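Letter by letter, the chains look like this.
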Amino acid sequence: MGWRRSLRTRLVLLSSISSALLMVVVAVIFYAAMRSLLVDNARGEVRSLAEQTTRGLAATLGSVQVSGQNLAASAAGIGRDPLDLRTLLMATVGSDPDIFGAMLIIEPGRLSPDDPGFSWYVRRSVSGYTESTVPDLGYDYRVMDWYIRTTTAAGPWWSEPYASAATGGTTYITYNLPLRRPGEGGLPGAAIGMVSVDVPLARLNALLGEVPDHRELRPTLISPERRLVLHPDPAMRSMTLDQVVAGGRTDLAPMLQALREGQPIAIEHVAMAGSDGVREGQDRYSLGFPIGNTGWAFALSASNDYVLAELNRITLWVVLVGLCGVLLSMALVRRTSGLIAKPIEDLTESARQFGLGEFDQAFGHQQREDEVGVMARAFDGARSSIRQQMDEIADMGAARQRLESELNIAREIQLAMLPQPHEFDAGDVHVEFHGMLVAAKAVGGDFYNLFERDGDSVWFVIGDVSDKGVPAALFMTRTMTVLEVAAQLGGSPGRALHEAAKHLVENNETCMFATVLCGVIELRTGALSLASAGHEPPVLLRANGAREFLPVPSEAPLGVSVADTYPVWRGRLLPGDTLFTYTDGITEAFDRGNEAFGTQRLLDALDPSLDARAQCQRVVDATNSFAGDAPQSDDITVFALRYKRDSVADRSYTVKARLDQPLPADPVRALLAEVDAGLAGHGLPATVMHDMHLVIEEVACNILSHGSALDGPGPALEFVATVQGSELAMEFRDTGMPFDPLSQPSPDLDADIVDRPIGGLGVHLVRELAEQVAYSRDKDYNVLRVVLHIPYPEPTA
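We now turn to the structure provided with this report.

Here is what the cut-offs are and how they apply
- Every chain is numbered on its own, with residues counted from 1 as its sequence reads.
- This being a predicted model, a pLDDT of at least 70 is required before a residue's local features are given, and a value of 80 or more before pairs of side-chain atoms are given or counted; all residues contribute to the totals for chains, interfaces and linings.
- Side-chain metrics rest on all non-hydrogen atoms present in the structure, leaving aside hydrogens and water.
- For this document, the term salt bridge refers to a Lys or Arg side-chain nitrogen within 4 Å of an Asp or Glu carboxyl oxygen.
- Labels follow the DSSP assignment, with helices taken as runs of H or I lasting at least four residues and strands as runs of E lasting at least two, numbered in each case from the N terminus.
- Exposure categories follow from relative accessible area, calculated using a 1.4 Å probe and restricted to protein chains: below 20% of the type maximum is buried, above 50% is exposed, and the middle band is partly exposed.
- Whether two strands pair depends on DSSP finding at least two bridges between them.
- Convention adopted: a line fitted to C-alpha atoms gives each axis, helices being fitted over their contacting stretch, and angles between N-to-C directions are expressed from 0 to 180 degrees.
- Only heavy atoms matter for contacts: two residues are in contact if any of them lie within 4.5 Å across the pair.
- Here, expected helix span is obtained from the residue count minus one, scaled by 1.5 Å.
- The reported arc concerns the directions from the helix axis to the C-beta atoms and nothing else.
- Asp and Glu are treated as the negative residues and Lys and Arg as the positive ones, with His and the ends of the chain left uncounted.
- What qualifies as a polar contact is a pair of N or O atoms within 3.5 Å, subject to a donor-acceptor requirement within protein and to the restriction that residues adjacent in sequence count only when both atoms come from side chains.
- Only buried Ala, Val, Leu, Ile, Met, Phe, Trp, Tyr and Cys residues count toward a nonpolar core, and they belong to the same one when joined by side-chain atoms within 4.5 Å.

## Some details on the pattern of salt bridges
- One pass over the structure, following the stated rule, counts 18 salt bridges.
- Note that glutamate 51 is salt-bridged to arginine 47, the shortest N-O span being 3.7 Å. With glutamate 51 and arginine 47 both in helix H1 (residues 7-78), this residue pair falls 4 residues apart, about one helical turn.
- In this structure, the salt-bridge partner of glutamate 499 is lysine 502, at a minimum N-O distance of 3.4 Å. Remark: lysine 502 and glutamate 499 occur in helix H11 (residues 493-504); sequence separation between them is 3 residues, near one turn of the helix.
- By relative accessible area, glutamate 499 is classed as buried at 16%.
- We classify lysine 502 as partly exposed; its relative accessible area is 34%.
- Residues joined by salt bridges that share partners form a network here, namely Glu718, Glu731, Arg733 and Asp778.

Listed below in structure tokens is the structure:
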């Protein structure tokens, strides 16, 4: 025995797995216990970091605002003294290290009509200070948006980041204040100019740099316009928080609302899909704080990876220590298991030789008093018993083999009783028959059969015997024989079932029964008759793909009782149609989930383009695919009939006839003579001419005898016969009262003649002769359309 399967290995493996599971449980408990505490501590650190950064930003921006306000107040009090104003600007820039530039503008004529105004700009440079007038910077300040906004605004405002030649290419933000002289009543007067102080964006970025550089920490400086001025992702610095939320980061909507209201906020959220580089679905902890009264805000967002980093690090060390303990435990268990497993390994080797048929080898350790000794003595005592049982098994195997051989022969005999695929031809008509049987056991009780009668019709049956196996196969043989004899007696399928039921119910002490569907098809016309003894309804598959279960009336199965009558369903197959029959082994095939194949899957599996053989194979394949590896619970049988007709597309002509008022002495004969004259010379088969005469006589007699509005000025009856290929279409148009002859029920031909109501046989005859019959009301006309098939003779060689 290999070491992989040895008891020693299993003991070591079991102990190791137990230790590993214990370590995992301890790690999970430790992780769960520490997680909440460490998460709270980590989030507290993130909050402290955000508050500290916010205070630093507030101190810087607040200091700049105070300096700007002092500059504005001092400038308004000094008046227009260029030397004093310049000195004031220099003092403002020099006194606050966060201010890198300042501008003061007094518009001409604001202090007095002849006042030339004042404009001066000072900023720090490498060599000291750079000074110039505002016009020297290259623009007219009076038309600039920032000047107009400042002088018309109610209060000071911060600009968005900008860089220009005037700033030496450095990016600044500017605090802008209107310059006003005191008005009446202590109220501020009209703006006479403005002052502004510049703060380099790098100064604020340095404050954000105090946040630890970690890819899961995202510090962001947000301007009063909610633009992401400073952000770890440079691509985001051109966007506003509103745009980020609208772009898909709806999880940041609460922060946006809080910052709009100037309120701090802390949120736990799951990142949605957006454009800010955050992975979708990531758990994050984000804080937002307004920076004093400046309108600026600071946000800090940390992922759970950052928050849980310390916990993961501690957990990793716990796991590593646990693994070392597991390895040590494995070494100790391996040593101990060797001492325990050695006797068992010896017994295993003896048992292996025993399994190879070497019954003379003695088992060791029989003298032991423990479990090993009990096993050794039991093995030794089993040798003679096993030898005897092996002889008995050999005899049973030979008997089973004989039985299987006999069942295989029975199966071959049963399959030989079933008809082979066949195709019947009658002129241009071809009818395919094909069946398949898949028994659940070696032999089964399902069957199908077909046989020709009178050279123009074919009988067919399909059945399902109760139970399975040999008894069902024997009863199936008897049922097939009785049905074939009953069909040879003639009559309808209902009569055949009645005769078969009388014979099968006799001497049926086993109470077995069979459901049967019996049918007959007339090859030339496609007329179809069906009768059922408790069998599943067949499916009619039209050439255009339409499919339906035929409403065939059903009586008790054969062998149970004898019904008074087995009603017959009658219809017609059109070229390309398929009649598909089956047993309940199809619809009641179950998969592993105990769900049945069902009738809808059967309908879905049918394909109007397939011949009878391929149709049967397709349904059986679909059933097996649905059942999968579930055991077959019943016999599966399918039987298909496909009706085909050769097309004759090059023959086309039309004949018209009519009866006008007053009618001739024998109007029907006159109508027939006119039609015959029009069709003369076209070579229609005599059988078609005969059927056409019957249809014209029945329909014309009904119209002329029962019409009640035939005395008008129009024609009493119009008749049009059109030959198109292998079809003869007749159309009758009359001006009688509206009446649909097809709405009348079909007569019961199996009933006694004295019990039938009078009438209806003429319409029934027309339906039996025709492939299609249709009625419509066209304005003042009754229109009846009747289509006959033209069976042109087969060409001879």
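## Comments concerning the sheet that holds strand E20 (residues 569-572)
- Taken in spatial order, the 5 strands of this open sheet run E14-E15-E16-E17-E20, and their pairing is antiparallel. The sheet is open, and its two borders are formed by strand E14 (446-453) and E20, each paired with just one other strand. For this sheet, the mean inter-axis angle between neighbouring strands, taken without regard to orientation, is 15 degrees.
- Here strand E15 (residues 457-465) pairs with strand E16 (residues 514-522) via 9 bridges, running antiparallel. Considered in E16, the bridge of glycine 463 is made with valine 516.
- Packed on one face of the sheet, helix H10 (residues 469-488) meets E14, E15 and E16 and runs near 20 degrees to E14.
- Packing against the sheet, H11 makes contact with E15, E16 and strand E17 (527-533), and its axis sits at approximately 30 degrees to E17.

## Here we look at the pairing of strand E11 (residues 297-303)
- Within E11, 7 of the 7 residues are buried, leaving the element largely enclosed by the surrounding structure.
- Here E11 shows no split at all, with Ala297, Ala299, Ser301 and Ser303 on one side and Phe298, Leu300 and Ala302 on the other all buried.
- Two strands pair when backbone bridges link them, and strand E7 (residues 217-222) and E11 are joined in this way by 6 bridges, in the antiparallel orientation. Along E11, the bridge assignment pairs proline 219 with leucine 300.
- As paired elements, strand E10 (residues 283-290) and E11 share 7 bridges and run antiparallel to each other. Directly across from tyrosine 285, in E11, lies its bridge partner alanine 302.
- The hairpin formed by E10 and E11 contains 6 residues between the paired strands, and glycine 292 there has a positive phi angle of roughly 55 degrees.

## Some thoughts on helix H14 (residues 612-627)
- Compared with an ideal rise of 1.5 Å per residue, which puts 16 residues at 22 Å, H14 spans 23 Å between its outermost C-alpha atoms and is within 8% of the ideal.
- Ala612, Gln615, Cys616, Val619, Val620, Thr623, Phe626 and Ala627 are the residues of H14 that are buried. Along the long axis of H14, the arc covered by the buried residues comes to 130 degrees, so they all point the same way. What points out from H14, more than 90 degrees from its buried face, is the exposed set Arg613 and Ser625.
- Buried residues along H14 sit in contact with strand E13 (429-438), strand E18 (539-541), strand E21 (578-582), helix H12 (584-587), helix H13 (598-605) and strand E22 (636-645).

## Overview of the side chain of arginine 572
- In this structure, arginine 572 sits in strand E20.
- Buried charge without a salt bridge: arginine 572, with glutamate 768 as the nearest opposite-charge side chain at an N-O distance of 5.0 Å.
- Among the polar contacts listed, one links the side chain of arginine 572 to the backbone oxygen of arginine 767, at a separation of 3.0 Å.
- Beyond its immediate chain neighbours, meaning those up to four positions away, arginine 572 contacts Thr525, Gly526, Ala527, Leu528, Arg542, Arg767, Glu768, Leu769, Ala770 and Glu771.

## A short note on the nonpolar core
- In this structure, Phe433, Phe447, Phe460, Leu497, Ile521 and Leu558 are the most contacted members of the largest nonpolar core, which totals 56 residues.
- By residue number, the principal contributor to this core is H10, which donates 8 residues.
- In this structure isoleucine 521 touches Phe433, Asp456, Ser457, Val458, Phe460, Gly526, Ala527, Leu528, Leu573, Leu641 and Tyr643, once residues within four positions along its chain are discounted.
- Counting 47 residues, the second largest nonpolar core, distinct from the first, contains Ala76, Ile106, Leu221 and Ile291.

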